[in-house]
Amino acid sequence: IRKYVAIVSLEQRQRYKDDFNAEYEEYRNLHSVIDKTAKKFRQFQEQWKSLTPGSEAYQVKKDKTMKTVLLHHSSV
């Protein structure tokens, strides 16, 4: 991460703008990945609310969730 000083020229403004535009697509892609991941966790949380801790269904869901999380984590 670079630290930027106050803009004092049109050329400097254009360089800052070019830097921003060069990095913006990567930012949007990362934001999309984080948003999808957060949505999955919200869905998992809603599904877990209906399960009884310690039950077989709870354990199956826990195992499936862990596999999903680990698979996703290894692909990032």
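- As recorded by an unreviewed UniProt entry, the protein carries the name ELL2 factor and is attributed to Pheucticus melanocephalus.
- Under the UniProt heading Sequence similarities (unreviewed entry), the entry covering the protein gives this text: "Belongs to the ELL/occludin family."

**Some words on the packing of aromatic side chains**
And then number 1: On inspection of all chains with the given rule, the structure shows 4 aromatic pairs.
And then number 2: Each ring, one from phenylalanine 41 and one from phenylalanine 44, has its centre 6.2 Å from the other, and the planes form 90 degrees; the classification is edge-to-face. Taken as a pair, phenylalanine 41 and phenylalanine 44 lie in helix α1 (residues 10-49) at a separation of 3 residues, close to a single helical turn.
And then number 3: Residue classification places phenylalanine 44 among the buried residues on the basis of a relative accessible area of 14%.
And then number 4: Within the aromatic cluster, the residues linked to one another by ring pairs are Phe20, Tyr24 and Tyr27.

**Things to note about the pattern of salt bridges**
And then number 1: The final tally for this structure, using the stated rule, is 1 salt bridge.
And then number 2: The shortest N-O distance in the salt bridge between glutamate 46 and lysine 49 comes to 3.1 Å. Placement of the pair is glutamate 46 and lysine 49 together in helix α1, with a separation of 3 residues, close to one helical turn.
And then number 3: Overall, glutamate 46 belongs to the partly exposed group, its relative accessible area being 48%.
And then number 4: On the basis of relative accessible area, lysine 49 is assigned to the exposed category, the value being 59%.

Each value, and the rule that gives it
Residues numbered from 1 in each chain as written. Predicted model: local features only at pLDDT ≥ 70, side-chain atom pairs only at ≥ 80, totals over all residues. Heavy atoms only, no water. UniProt positions renumbered as here; feature names shortened; annotations may be inferred. Phe/Tyr/Trp six-rings, centres within 6.5 Å; stacked < 30°, edge-to-face > 60°. Helix = DSSP H or I, 4+ residues; strand = E, 2+ residues; numbered from the N terminus. Buried < 20%, exposed > 50% of the residue type's maximum accessible area, 1.4 Å probe, protein only. Salt bridge = Lys/Arg side-chain N within 4 Å of Asp/Glu carboxyl O.

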